[in-house]
Amino acid sequence: MSKPRILVARAVFPEVITRLEQHFEVESNPTDEAWSKPQLIARLKGKQGAFTTGGDRIDAEVLVACPDLKICANMAVGYNNFDLDAMTTAGVLATNAPDVLTETTADFGFALLMATARRITESEHFLRAGKWSQWSYDMFAGSDIHGATLGILGMGRIGQGIAKRGAHGFGMKVIYHNRSRLDAALEADCKASYVSKEELLRSADHLVLVLPYSAESHHTIGAAELAMMKPTATLVNIARGGIVDDAALAAALKDRRIAAAGLDVFEGEPKVHPDLLSVPNVVLTPHIASATLPTRMAMADLAASNLIAFFEGKRPPTPLNPSLLATK
Ligand code: GLV
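Since the model is a prediction, treat every value here as computed from it, not as a measurement.

The subject of this paragraph is empty space enclosed by the protein. Inspection of every chain in the model, using the stated rule, returns 1 cavity of 30 Å³ or more. Space inside the largest cavity adds up to approximately 40 Å³. Lining the largest cavity we find Ala-115, Thr-116, Arg-119, Thr-121, Glu-122, Ala-260, Pro-280, Asn-281, Val-282 and Val-283. Broken down by secondary-structure element, the contributors of at least two residues to the lining of the largest cavity are helix H5 (102-117), helix H6 (120-128) and strand S12 (282-284). Grouping the constituent residues of the lining of the largest cavity by class yields 5 nonpolar, 3 polar and 2 charged.

This is the structure in structure tokens:
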């Protein structure tokens, strides 16, 4: 019997390709060329499965052009690159890669918070530019993390990981807002108190965004929300570009309406709003929150496991539209 055909849309660990080749006819992308939508469609035609990353858009146009497709396995926990409704209507299973990246991503969220609050990259740029001529009492004075109020918007697994680091490691007071309130045991574990979005914005010394991106969460943080924040506050986005209105944020940073921001994700990335590149009080990283080799390997392996289980007629570990499996 011939093996199912799959497309691996971006370069990935050779070990994972080797594992996939044991089960599938694999077309991969070893040069890691970023394909346009028509290029993706051309390669996906005739394939039954796809191994995608967060940058590969699977929508109705792709689904209509690729009627053989049965499953797309995303090597990311976020799946805003999938039109999940269109995939469900087309009978295409979607899977993502949760859990395996939680602690690594929470570590990074905290690292970005610390770099932002303590002005680490801004001061390094100053030093590298040869501008450090003498000590001064307020040079790059930042804001304290220990004992401060940590606000978390989006209290899923990663948000909880950040809350625990803040509460247990740094003695922070943790407040959060989420679509649904955590149960009492989880709140106690995270030492976190539920507040309204407005109270979160007004009270946080450091606000970390960890909510999923969707049409509803587009520009959750815009000029009005930034205006509610303390002028001394910092804002960290490790969630998705588009949750923050980057132009409004750049203006707020320029006018010092908030103290600083740390951004790992951007609207329209890999492009970055030019005003963010010219303000000094922002730490910018290129969407690397889950980027340690063991975690990226675990994410790739989970995406591969989803594909393999599906074509073996087993339940894939992390389906996003599991209603399709019930009718299989
Ligand atoms: C990374 O952004 C992910 O969603 O895994």
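We are not done yet, so read on.
Using the criterion set out here, one finds 19 salt bridges in the structure. Note that Asp-32 is salt-bridged to Arg-10, the shortest N-O span being 2.7 Å. Taken as a pair, Asp-32 in the loop between strand S2 (25-27) and helix H2 (37-44) and Arg-10 in the loop between strand S1 (5-8) and helix H1 (14-21) lie far apart in primary sequence, 22 residues in all. Asp-32 sits in the partly exposed class, given a relative accessible area of 32%.

What follows covers the environment of Tyr-176. Along the polypeptide, Tyr-176 turns up in strand S7 (residues 173-177). Residue classification places Tyr-176 among the buried residues on the basis of a relative accessible area of 0%. Distance from Tyr-176 to Ile-152, taken between C-alpha atoms, is 4.6 Å for residues 24 residues apart in sequence. Each residue touching Tyr-176, except ones within four places of it in the same chain, is listed here: Ile-152, Met-155, Arg-181, Leu-182, Glu-187, Ala-192, Ser-193, Tyr-194, Val-195 and Leu-200.

What follows covers the packing of H5 against helix H7 (residues 157-170). Between two packed helices, the angle of one axis relative to the other and the distance separating the axes together describe the packing. For the pair H5 and H7, the least separation of the axes is 8 Å and the interaxial angle reads 55 degrees. Relative to H7, the element H5 lies oblique. You can see that H5 and H7 cross each other, and the crossing is right-handed. Of the residues in H7, those touching H5 at Thr-102, Glu-103, Thr-105, Ala-106, Asp-107, Gly-109, Phe-110 and Met-114 are Arg-157, Ile-158, Gly-161, Ile-162, Arg-165, Gly-166 and Phe-170. Across the contact of H5 with H7, the residue classes break down as 6 nonpolar, 5 polar and 4 charged.

Turning next to H5. Compared with an ideal rise of 1.5 Å per residue, which puts 16 residues at 22 Å, H5 spans 22 Å between its outermost C-alpha atoms and is within 8% of the ideal. Burial of H5 is extensive: 12 of the 16 residues sit out of reach of the surface. All of the buried residues along H5 are Thr-102, Thr-104, Thr-105, Ala-106, Phe-108, Gly-109, Phe-110, Leu-112, Leu-113, Ala-115, Thr-116 and Ala-117. A positive backbone phi angle near 55 degrees is found at Arg-119, which sits one or two residues after H5.

Rules of the game
Residues numbered from 1 in each chain as written. Predicted model: local features only at pLDDT ≥ 70, side-chain atom pairs only at ≥ 80, totals over all residues. Heavy atoms only, no water. 1 Å grid on protein atoms, 1.4 Å probe; cavity = no way out; pocket = protein on both sides within 12 Å on 5 of 7 lines; lining within 4 Å. Points joined across faces, edges and corners; volume = space filled by probe spheres on them. Helix = DSSP H or I, 4+ residues; strand = E, 2+ residues; numbered from the N terminus. Nonpolar A, V, L, I, M, F, W, Y, C, P; charged D, E, K, R; others polar. Salt bridge = Lys/Arg side-chain N within 4 Å of Asp/Glu carboxyl O. Buried < 20%, exposed > 50% of the residue type's maximum accessible area, 1.4 Å probe, protein only. Contact = heavy atoms within 4.5 Å. Axes fitted to C-alpha atoms, helices over the stretch in contact; angles between N-to-C directions. Parallel < 35°, antiparallel > 145°, perpendicular 65-115°, else oblique. Left-handed = near helix turned anticlockwise from the far one by under 90°. Expected span 1.5 Å × (residues − 1).

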